[in-house]
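# Examination of the molecular architecture
The chain contents come next:
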Amino acid sequence: MNDLDLILGMDASVANRAVAQLHGRSDLRSRLFQGSEAQEFQGVSGSGSWDIQSAPQVEFRPPNSAEWSQAVKADGGATAPQQNAFLVHLPRLTVSITALGSAKSDTIDVTALCAAQISGTRLSVSPLGLMIPDLTRATPFDQFFYRAVIIPKVLATVNSMLSNINVAPPTFEGVSLTAPAIAISNGKLIVAFNLSYRDAPLVADSQWPSDSNFILTSRRLLEEAANRGAERFVEGKDFNQTGSEGGSGFSAEYRVWGRVGRVNVSATSDPTILNCTMSFGLSASAGVNVLGGIVGGIVDAGNVIGGGIVDAAEETGKAIKNIFSGW
């Protein structure tokens, strides 16, 4: 069970829309998703090219044991399992190789194994290895070209298209958060934070919302944000109200003034409702000018002062409501 204060989540559809936009840009297509290179191996000179013809597809799930065993690193070595790993499918990679007077072109389906990492508020991706077709029947030059060129170039492409994504959390006035933790969990990419006075976040597998992207907050964070906002915008604010009433030989002048003291906000079981309690310092004064009806004038003046206090309290309440309704 997760006891976290702020969670940002997204599924693969969000990443795939971004990747599709990159792949669809002609100015990036030739630089990021295509290339060619000449090589020499054991006295044989040749050249080859690669073209990622369809937009890669991200899948936020950990690789299984078979996928780990099939993946080859950029240096040709085996790929070791890591945390926060996920898959990127390249369904139409066309590789063309020319060597020893022979040209050959194949369109294949390959899958990259990657690990998500986070530094500050920037998401980065480390390409770990590439699952490629069986090359045991390929020529020595073809095997060399795949390992020396195709694998590192495709992994570099995956790194370029998914790295440096900003995952900054929403800001809350006066609230500090821990450094984020990242996880691949039940088809989602999760970035989690805690309030700064708590331990570093630790993400456990959960049943996340079905939305393609979402933000979840704890009651602790809601209370902390509301109370810090109240401290800045409400506490210590002065208010006053003056006026006069009168007629037929009688007039009463009054003044009500005060200051908002401590404000305390607490969350409820309904995340759209917050409880708010506050203290006030209030003072009131009145002057009565009598040309007739002395007793009635004093009574009226008292009513006016009381009404002024009520009005001032209501106005303060409205101000606080307006502040919170903007969050």
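Owing to the predicted nature of the structure, the values given are computational and were not obtained by experimental measurement.

### Comments concerning the sheet that holds strand β1 (residues 6–11)
Read across the open sheet, the four strands follow the order β10-β11-β1-β12; overall the sheet is antiparallel. The sheet terminates laterally at β10 (181–185) and β12 (213–217), the two strands that pair on one side only. Across the sheet, the mean angle separating the axes of adjacent strands is 20° when strand polarity is ignored. Across five bridges, the pairing between β10 and strand β11 (residues 188–193) is antiparallel. Note on β11: the bridge partner recorded for isoleucine 184 is leucine 189. Helix-sheet contacts for helix α1 (residues 12–24) involve β1 and β12, and the interaxial angle to β1 is about 60°.

### A look at the pairing of strand β2 (residues 34–41)
The pairing of β2 with strand β3 (residues 44–52) spans eight bridges and is antiparallel. Following the sheet pairing, serine 36 is matched in β3 by serine 49. Turn length for the β2-β3 hairpin, with the two strands adjacent in sequence and antiparallel, is two residues, and the turn residue glutamine 42 shows positive phi of about 50°.

### Considerations on α1
The first and last C-alpha atoms of α1 sit 18 Å apart over 13 residues, in line with the 18 Å expected at 1.5 Å per residue. Three or more residues of α1 are buried, namely Ala12, Val14, Ala15, Asn16, Val19 and His23. For α1, the secondary structure elements touched by its buried residues are β1, α2 (26–32), β3, β4 (57–59), α4 (140–162) and β12.

Calculation notes
- Residues numbered from 1 in each chain as written.
- Predicted model: local features only at pLDDT ≥ 70, side-chain atom pairs only at ≥ 80, totals over all residues.
- Heavy atoms only, no water.
- Pairing = 2+ DSSP bridges.
- Helix = DSSP H or I, 4+ residues; strand = E, 2+ residues; numbered from the N terminus.
- Axes fitted to C-alpha atoms, helices over the stretch in contact; angles between N-to-C directions.
- Contact = heavy atoms within 4.5 Å.
- Expected span 1.5 Å × (residues − 1).
- Buried < 20%, exposed > 50% of the residue type's maximum accessible area, 1.4 Å probe, protein only.

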